[in-house]
Structures are given as structure tokens and as C-alpha cells.
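Summary of structural features
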Number of protein chains: 2
Amino acid sequence: MDFPKERFSEWFDEVLEKAGILDKRYPIKGMNVWLPYGWGIMRNIDNLFREVFTRHGHKEVYFPLLIPEDQFRKEAEHIKGFGGEVYWVTHGGMEELDVKLVLRPTSETAMYPMFALWIRSHADLPFRIFQIVDVFRYETKMTRPLLRVRQIHFFEAHTAHEDYEDAERQIEEDIEIWKEIARKLALPYVLNRRPEWDKFAGAEYSIAADTIMPNGRALQVATMHEYGKNFSVPYEIKYLKEDGTHEHVCQTTFGMSERLVGAIIGVHGDERGMKLPPEIAPIQVVVVPIPSKKKEEVMREAKVIEEELSAAGIRAHADLRDKYTPGYKFYDWELRGVPLRVEIGPRDMEKGGVVLVRRDTGEKEFVERDVYIERIRALLSEIQEAMLRSAEEEMRSKILVTDDIAALREHAGWGKVHWCGRQECAERIKEETEKQVLGTPIGEMGTKGRCIICGEETEIQAYVAKTY
Amino acid sequence: MDFPKERFSEWFDEVLEKAGILDKRYPIKGMNVWLPYGWGIMRNIDNLFREVFTRHGHKEVYFPLLIPEDQFRKEAEHIKGFGGEVYWVTHGGMEELDVKLVLRPTSETAMYPMFALWIRSHADLPFRIFQIVDVFRYETKMTRPLLRVRQIHFFEAHTAHEDYEDAERQIEEDIEIWKEIARKLALPYVLNRRPEWDKFAGAEYSIAADTIMPNGRALQVATMHEYGKNFSVPYEIKYLKEDGTHEHVCQTTFGMSERLVGAIIGVHGDERGMKLPPEIAPIQVVVVPIPSKKKEEVMREAKVIEEELSAAGIRAHADLRDKYTPGYKFYDWELRGVPLRVEIGPRDMEKGGVVLVRRDTGEKEFVERDVYIERIRALLSEIQEAMLRSAEEEMRSKILVTDDIAALREHAGWGKVHWCGRQECAERIKEETEKQVLGTPIGEMGTKGRCIICGEETEIQAYVAKTY
């Protein structure tokens, strides 16, 4: 499996198949079957979401999938943004339904009528919930597993606040939450405030985390939206203030999806296949017996090591399959991205230790059995850090800082360019380079310069990229 | 909240609302919003399913929600059984779809075309997977939260085997799996092999676990189906045998749903509200401070106790809400069914201990701080056992063994009657008593007697009950 960056798409499809992430052969375009290993990664990420958001005061709920048409149509911008790409349920059994139902493309319009019932007074605020569900979009563009699909495994947090200021504090906290999650996923990213014309349908503004894939394209992996009162007015979500008057709440949302699995596979992939960050790897350590002789003892010992590691809270798996050689097993688990391999053979047993092999660097070491668990723990945390560092370097190396449109056109990765902030200049960039303005970077100081298109003085240095 | 058994329905609705299980006000009939506490119970049960089935060799997958019409219609009996009660997706965006899509009512017809791709040879068998998803039924009967809904939170295991014998072994293992799950849910049940006319659409036969609700009605809470080759022939799921020929697999399934939450609430409920088995309670121990004086110290100590219990792996919550009295908190957590309460006041602190109060019996005891964690652990396991025992007794007390049709008609619970096995006699029982034959009990020895209707000699003693 070679990994030339221009053939990234083929490599990606091949890895998804060989590593058992998804099966694309399900007979509906853009809807795939999650296989056990892939679903294991997704579930670990879901549980990471749960842990972090619960710690930050959110409660988990679970809303129905279907939304009645009248309820769906209440917020004008939102329906403009989503109306053309939803699936419609029109019949139940043989009967035509009185009210058509939408498969949720996102849950604002399902949730907010309930918010209007739940939120009564300032004592109920801030109000913070999340859910992990599937959402559905009738994509007309070409679909790609994990990256652009019609059934999307989705995380969405929704909050309500007394005023705009408190909603803004939530967005700041969301950014901190995202940083924590990105670290656990070992994902480098840039935060961009999307241009007006590219914000979420119904939002005041949208902030997105974008990461860079091996082919240089930008992949949006998380979004935070400030809604202000755009939804609370049509859905009549009001609270009683301490002074006895009623006020509409201000709202925010935070969204992430299965794209994160695609991002991890893409960002960390190499010619041997996937590399998974230890924090979310379904198997953190694979134990491969090398039974050159004393087969039974070696197999038994491999199983003992699996049990010792599991008892220590490490996700371990001993590969005791009889029909494969150790060499095949190395290849197989490297492809599947298991961060650390333990090799155990008769000589290691005599010497009272095991061999550890890192997936990220290939480094090997012999370690005594009486300290091997601590060593593994330390190595897993080193691998986690090293993967993030190396992905960050890789990302930086793909970004060309330039104000020369020809250089930008030729560059395969992202550009970082001066931009005046106007839509017509962004459109010109797109026409000339096929790259689009990702927005205004958050938390980065720009230098003064002149817009790459119109030459106007500006302090905005925007990232521009082809996108998924 | 009184709990006369004839008012069970009202009590049930009231508990769901007050305990924060579900919100029924979502604007689609039979589709409800899971609230954080209710969803916490459901998630604990899901995780129990995961743990048990994974240990029994099943792997978790996740299939798309939608099924193309042609694929759905392949097995004739199945479509006869489900065709009238599915939701149809007919449009994507503004376009009419070329192939209509069904919201899965269950996943046989989604999964089995993929099984045909995945299963190649005898080495792939037995093949065992499960998934936890939502299924959809366009119910025309009256809906009831958790018990009869249109969006159902569902567990389904699917297996494939070399021959009928091995499939039968799976059903036997399923029964053992069910016993283990029922013990953790503290649910009493009877296993019934459903009559021919009441089996799953497409099955050779169906076995169901039925429990009894306070109003005497039977609630089906788990089903195991033997499919034989009924699906593998139309879906062409074949494997290569060792002798080089091809053979269709034999299949089974195992299903459970959110009904289990309804069963637990119903079976264990009392006039104070819910009682949750410790194994699946979101909060196993609630800590209530009694700050008659020294408020700050008592509050702090309650928090310390929560932390100590959490560190010991016990799901604990300290209720530090300022605006409620201890008495109100007792009431609130009893309603929500928390198995054990820790009370801590200034006098307890002086005496170096805490007071423990059981939800199931109301028993109180004082326990020293240096042994309180072990004592709580022991009590939680005692409560788990005691809840199952008392529910089993309650179930037995509601079953009238009789062959007298008038007595059966009058009895509010189940009957256990002699039945010849013929459909016409089962129908007569239904006409005369409104109770239906649940099937042939599994693992129970019948005594000889005469059919309650036709008087024919028989060894079948069947349970008969009004059902949900």
C-alpha cells in the first residue's frame, strides 16, 4: 500500500477496507456499514465526548429522529440552508401522513420547541445538553466514506443563556473543550471564524476547526455556532428574569462527527496503513507470539501478557491465530494502527522480558517483565504526544505563506494570505486557485500586508485551501 | 403518588414525568424525548448488553437506518409481517427517489445482503454480531411511553451457523445470556415458546421472555428467534463446506428494547416511585447532608463522601442543592429509585460515621466511616438480590393455576392452565377471558390434565395473560 500524496483517495479507500473500518457496499449511496474495528474507534471517540462535555456541565439527552414539517420550517434562514437536502417521510404503512416528517439534518428544530417548555426562569440557565445521534443529508455531491456521507454519526451540544455575553463565554469554553479533545485525538487544526456567506444556516457567526489532509485539502472537523436570539425568537424560548420580565435566551451549539475518524486516519496515515492515537485506539497493545519453538508455552505466555495488561487498564489483545505467521500479524496490526506491539518468543522468555515495538517510529526495545507494564504506560503516553507533534509539523510544512497568486495556485497544500475581508476578493481567489477562504483565524496574530487580490491594506491573514 | 394496581397506567406516566425519564410532549405520537436520568438508565443497560454479548463472542457493528424497497421485500413472510407498519422515505430534497426507502422496523433485510458478502467459508462460522440502534414502527394501536412506541431503542444480535444444530446451540446459549441479563436487571420472567401464529415474521419459531406488570398484564421483554434457512435462501447467504460444496447458513436473532426500562420501573415500583436495581442505577448512592447546624462543614463532608465513593467505583452523587430541605431530597431521590441513601449530619460527624437508608426496605443503619465503603458495597449487592427475590415472589403471587374458565376470567393476573395446543382453543380462551396464550413454557415441567376449553388430555400447562 503506497502512500503518494496525490493518490490519497485510493489509499484511504484501501485502508478503510483492509483495516475493517467500514463496508461501502451497502446498497444506498453515501450510507456505509460500520464494521467492529471502525465502530470501536467511533465509540471510543463518543465516550471521550461524553466524558469531556459531562465534566463541563452538559447533560446527555436523546431526541426523536423525525421532525414534523411545520416545526422544521419555523426558522427562515435555517430552512433555506437545509430544506433542499433533507429526506422526507411521507407514508406510514399504506397511509399518506397528514404531516410530512423530516429525517433530522441537525436537531435545532427538533429540540427548540422542547426548550420552550423546559426553560422557565433564570434559575434554569445556563442550560446545557448534548446528544450523540445520526443525522441525514440528501447529499447531491459525490459522497466519500467518513468525509461526506448521507447518514452522519453526529455529536451535537446545545446551550441556552441569559444574554449574549454568557453565550459568548460558552463559545470561549467550547474552544477550550475542543483543544482538549483535539489533543486526545492527536489532531492539529486551525480555528477559523467562517466568512458571513459560509456560516451555519441561522447562526450569528460560526467558528470551525479545520485540519489538513495528506492531499492538502482542508477538512472541517468541529464547529461552534453563536445563534444569539435567531432561534429563540421563532421558537419562543423565553425565561423569567429576576426583575419579573421575560426575555428570549441566547443560544450556541457545538458539532462534531464521524469525520474525526476520517481525519485521524488521514492525518496520521503512512505507507503501512493507519496509526491510531493511544487515547482512542480500540486495541492499544497487540501481543504477538513468536513461537519458533516451545509453541504452547509461548502462546500461553502471550495470553498471560494480554491478561496482565487488561488488568492494568490497558486495552490489549493477544493475536493467537494459528494460520498466520508473526510477519503477517505484524503487517496486519500495523495496517490497523495499533500503537504498540509486544513480541514474545522463547528467547525473550528465557531472558525474562518482552520486546516492544512502536507503530509511530518503528523503534524496538527489550524490557524486563517486572517493569514492562510501567514502560508500556509511559510509551503509550509518549506515542500520543509524539503523534500530535509530528502531525503539527506536517501541517505547518504544508502551509505556504504567500501573497503571490501564482505561487498559491501551484501550491498543493494551504496558503496563508493577506485578504481584505471582502466576498468578491474571496471569490476571485477561488476562481484563480480553486482554493477557498476558510475565514479569519482565531487566536493568531496577523501581520500587516496587502490583500492578495485588491491590494488593500489589511491585518487579516487568512488560510485558503481546497476543501472537502 | 398512590399505587393501587388498577391505576397503574396513571402512576407509570406520573413517575416517568416526575423522575425525568422521558418527555412525552414531543409533537409526534409515540416518539418521546429521553431525558438525562432516563437516558442514563438506558445507557447502563446498553453497556450491560455490550459487556455480556462481547464476552459471548459477538462483535458490535452499526448498519444504516434506511433499507431500499427491493431489498426489504425479499423474504415473503417478513414483509407480510412488517410491510403494513413501516415508515417510507419517498423524497430527498425536492426530488422523488428512484427507489423508495424504509426506516428499518428491524434489521434482517438491511444486514443479510451484507452477510452474503461477508460469509464465504465454514471458517467464518459461527458468525455473531449485534448492534444497538433505533427501529421504527408505524403503530396504529395506542402508544405508551417505553412499552409501545414508534421509535424504539433496540438491541439486536444476529448469528449465522453451519447447520440447524449449531443454530439451536446458539438459542440455548441465548437463554443463558438472557438469564444473566435478567439477574442484573432484577427482572422475573417466564420463557415461552410462542404459538405458531404468534411467532416472528420469517422465523421457524420464537421464544420470548415475558414479565408481569403490576396491573397483571404480560410484557414481552426479550425474544430469541430460530430462522433456519428462511432468510439465507432468499438472501443467498452460503458458505463453502470442507467437502467443497456450498450450503446455506442457519440463522438466529436475539432482540431486546427500551421496554426493559418500562419493565424495571413497573415491576419494582411502589407508592413512593421507582426502585432501580443497583447494577443499572445511574446513581447508586445519593448523599444527603442534614445541615441542622455547622452547614458548611456538613456540605463539605457530603462532597468528600461522594468523592470517596466515586473513587471506589460506586456511582455516587451528593445533593448539595441549597433551596431544598433534606426531607424534600429524600422524597425526590426515593421517587427516582436510588438504591441507597447516605445521610450525614453534625451528630454523625461527631460520632465518626454516616447513616445508610435502603430504598427497597427503608431499613436504616449507622455505620462507622472507616468501614462504610465496604458496607455500602455489601448492601448494594444485598439490595440487588433482595429486589429480584421480592419481584419473583410478587410474580408468583399473581399467577393463578386453574382449569376453571370462570376463575380465569375473574383473575386480574396471569393464569396457568392446561391447553391442548390448538389454535381454536387458544382463540376461545381469548374470547372468554380477554387473556391470550403466551405459548409453551420453556424449562418448566407440566403436569397432566385436560385442556381448559376442549377437555382433551394434555401435558401442556400454558400461561395466559392480557398483554401489552
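Everything here concerns the structure above.
Description of the structure in this document. (Residues numbered from 1 in each chain as written. Chains lettered and ligands numbered in written order. Predicted model: local features only at pLDDT ≥ 70, side-chain atom pairs only at ≥ 80, totals over all residues. Heavy atoms only, no water.)

**Quick notes on the pairing of strand β11 (residues 218–228) of chain A**
All names here are of chain A. Put simply, the test is: Between buried and exposed lies partly exposed: a residue is buried under 20% and exposed over 50% of the maximum accessible area for its type, with that area taken using a 1.4 Å probe on protein chains only. The helix and strand labels rest on DSSP assignments: H or I over at least four residues marks a helix, E over at least two residues marks a strand, and numbering proceeds from the N terminus. Two strands form a pair only when DSSP identifies at least two bridges running between them.
Across the 11 residues of β11, 10 count as buried, placing the element largely inside the fold. Two elements, strand β10 (residues 205–212) and β11, share eight bridges in a ladder whose sense is antiparallel. Its bridge partner lying in β11, Ser206 is registered against His225. Relative to strand β14 (residues 250–257), β11 runs antiparallel, the two being bridged by six bridges. Residue Thr223 lies in a different strand from β14, and its bridge partner there is Gly255.

**Things to note about the relation of the copies chain A and chain B**
Note the cut-off: The atoms used to superpose the copies are C-alpha atoms, taken from residues with pLDDT of at least 70 in both, and the fit is least squares.
When chain A is fitted onto chain B, the two copies agree to an RMSD of 0.0 Å after a turn of 180° and an axial shift of 0.0 Å. Taken together, the rotation and translation describe the operation of a two-fold axis. Scanning chain A for the C-alpha nearest the rotation axis identifies Val89 of chain A, at a separation of 2.1 Å.

**Section: the pairing of strand β14 (residues 250–257) of chain B**
Residues and elements named next belong to chain B. Within β14, eight of the eight residues are buried, leaving the element largely enclosed by the surrounding structure. Side-chain alternation along β14 places Cys250, Thr252, Phe254 and Met256 on one buried face and Gln251, Thr253, Gly255 and Ser257 on a second face that is also buried. Here strand β8 (residues 151–161) pairs with β14 via eight bridges, running antiparallel. Bridge pairing in β14 links His158 to Thr253.

**Some points on the interface of chain A and chain B**
Rules: Every residue pair with non-hydrogen atoms within 4.5 Å of one another is taken to be in contact. Once two parts are put together, the accessible area they lose, assessed with a 1.4 Å probe and summed over both, is termed the buried area. Whenever Lys or Arg places a side-chain nitrogen within 4 Å of a carboxyl oxygen from Asp or Glu, that contact is recorded as a salt bridge. We call two N or O atoms a polar contact when they sit within 3.5 Å, provided that within protein one can donate a hydrogen and the other can accept it, with sequence-adjacent residues counted only if both atoms are side-chain atoms. Classification convention: Asp, Glu, Lys, Arg as charged; Ala, Val, Leu, Ile, Met, Phe, Trp, Tyr, Cys, Pro as nonpolar; all other residues, Gly among them, as polar.
Contacts between the two partners involve 49 residues from chain A, matched on the other side by 49 residues from chain B. In total, about 4,400 Å² of surface goes out of reach between chain A and chain B, with carbon and sulfur atoms giving 65% of it. By the criterion of area lost to chain B, the three top residues of chain A are Tyr26, Tyr62 and Pro64 of chain A, representing 15% of everything that side buries. Linking chain A with chain B are two salt bridges. With a closest N to O distance of 3.5 Å, Arg43 of chain B and Glu60 of chain A form a salt bridge. Run the count over chain A and chain B and you get 21 residue pairs in polar contact (both at pLDDT 80 or more). The element contributing the most residues to the side of chain A that touches chain B is strand β5 (residues 87–92) of chain A, with six residues. Split by residue class, the side of chain A that touches chain B holds 31 nonpolar, nine polar and nine charged. Sheet topology places β5 of chain A next to strand β5 (residues 87–92) of chain B; five bridges connect them, and they run antiparallel. Across the sheet, Val89 of chain A pairs through a bridge with Val89 of chain B, a residue of β5 of chain B.

**What about the pattern of salt bridges?**
A side chain of one charge can pair with a side chain of the opposite charge when the charged atoms of the two come close. Using the criterion set out here, one finds 89 salt bridges over all chains in the structure. Ionic pairing is found between Glu247 of chain B and Lys241 of chain B, a salt bridge with its closest N-O pair at 3.9 Å. For Glu247 of chain B, a relative accessible area of 25% corresponds to the partly exposed category. By relative accessible area, which is 28% here, Lys241 of chain B ends up partly exposed. Put simply, Arg358, Asp360, Glu363, Glu365, Arg375 and Glu382 of chain A are held in one network by salt bridges that share partners.

**A closer look at the environment of Ile28 of chain A**
Its place among the elements puts Ile28 of chain A in strand β1 (residues 22–28). For the pair Ile28 of chain A and Arg150 of chain A, spaced 122 residues apart in sequence, the C-alpha to C-alpha distance is 9.1 Å. Residue contacts for Ile28 of chain A: discarding those within four places in its chain leaves Leu66, Ile67, Pro68 and Leu101 of chain B.

**With respect to the sheet that holds strand β10 (residues 205–212) of chain B**
Strand order in the open sheet formed by 11 strands is β3-β7-β8-β14-β11-β10-β9-β22-β25-β21-β20 (chain B), and the pairing between neighbours is mixed. A strand with exactly one partner marks an edge of an open sheet, and here the two such strands are β3 (59–60) and β20 (399–401) of chain B.

**Digging into the sheet that holds strand β25 (residues 461–465) of chain A**
Across the sheet, 11 strands lie side by side as β3-β7-β8-β14-β11-β10-β9-β22-β25-β21-β20 (chain A); this open sheet has mixed pairing. A strand with exactly one partner marks an edge of an open sheet, and here the two such strands are β3 (59–60) and β20 (399–401) of chain A.

**Quick look at helix α8 (residues 295–311) of chain A**
Residues and elements named next belong to chain A. Defined as follows: Given a helix with a known number of residues, its expected span is that number minus one, times 1.5 Å.
Between the first and last C-alpha of α8 there are 24 Å, a value that for 17 residues agrees with the 24 Å anticipated at 1.5 Å per step. Against β15 (285–289), β16 (316–318), β17 (340–344), α10 (346–351), β18 (353–358) and α11 (372–397) lie the buried residues of α8. One or two residues past the end of α8 sits Gly313, with phi positive at roughly 80°.

**Overview of the nonpolar core**
Convention followed: The set of buried Ala, Val, Leu, Ile, Met, Phe, Trp, Tyr and Cys residues whose side-chain atoms join them within 4.5 Å is what this entry labels a nonpolar core.
Ranked by internal contacts, the top residues of the largest apolar core, which has 88 residues, are Phe63 and Leu103 of chain A together with Phe63 and Leu103 of chain B. Excluding residues within four positions of it along the chain, Leu103 of chain A makes contact with Leu65, Leu66, Tyr87, Val89 and Phe136 of chain A together with Leu65, Leu66 and Leu103 of chain B.

**A short note on a negative patch on the surface**
Residues and elements named next belong to chain A. To keep things clear, this is the line we draw: Patch definition: residues with relative accessible area over 30% and no salt bridge; like charges joined within 9 Å; nonpolar side chains (Val, Leu, Ile, Met, Phe, Trp, Tyr) joined within 5 Å. Every accessible area reported is derived by Shrake-Rupley at a probe size of 1.4 Å, with residue values counting cover from the shown protein chains alone. Just so you know, the count uses Lys and Arg for positive and Asp and Glu for negative, and it drops His and the chain ends. Where a charge lies is defined by one atom per residue type, namely NZ (Lys), CZ (Arg), CG (Asp) and CD (Glu).
Together, Glu162, Asp163, Glu165, Glu242 and Asp243 line one region of the surface with negative charge. Assignment of secondary structure puts Glu165 in helix α6 (residues 164–184). Here Glu165 falls in the exposed class, since its relative accessible area comes to 54%.

**Some thoughts on the side chain of Glu306 of chain A**
Residue and element names in this part refer to chain A. By secondary structure assignment, the location of Glu306 is in helix α8. On the basis of relative accessible area, Glu306 is assigned to the buried category, the value being 12%. Apart from the residues lying within four places of it in its own chain, the contact partners of Glu306 are Val287, Ala316, His317 and Ala318.

**Remarks on helix α7 (residues 259–268) of chain A**
The buried count for α7 of chain A comes to 10 of 10 residues, which makes it a mostly enclosed element. Taken residue by residue, α7 of chain A has Arg259, Leu260, Val261, Gly262, Ala263, Ile264, Ile265, Gly266, Val267 and His268 of chain A as its buried positions.

**What about the packing of helix α2 (residues 36–55) of chain A against α7 of chain A?**
Residues and elements named next belong to chain A. Heads up, the condition is: Only the contacting stretch of a helix is used when fitting its axis, a line to C-alpha atoms as for every element, and angles between N-to-C directions run 0 to 180 degrees. When an angle is under 35 degrees it counts as roughly parallel; over 145 it counts as roughly antiparallel; between 65 and 115 it counts as roughly perpendicular; any other value is oblique. For any pair of crossing helices, the crossing counts as left-handed if the nearer helix is rotated counterclockwise from the farther one by less than a right angle, and right-handed if it is rotated clockwise.
Between α2 and α7, whose axes approach to 10 Å, the crossing angle comes to 115°. One way to sum up the angle between α2 and α7 is to call them roughly perpendicular. Here α2 runs over α7; the crossing is right-handed. Of the residues in α7, those touching α2 at Ile41, Met42, Ile45 and Phe49 are Leu260, Val261 and Ile264.

Interpretation in functional terms is not warranted from these geometric data alone.
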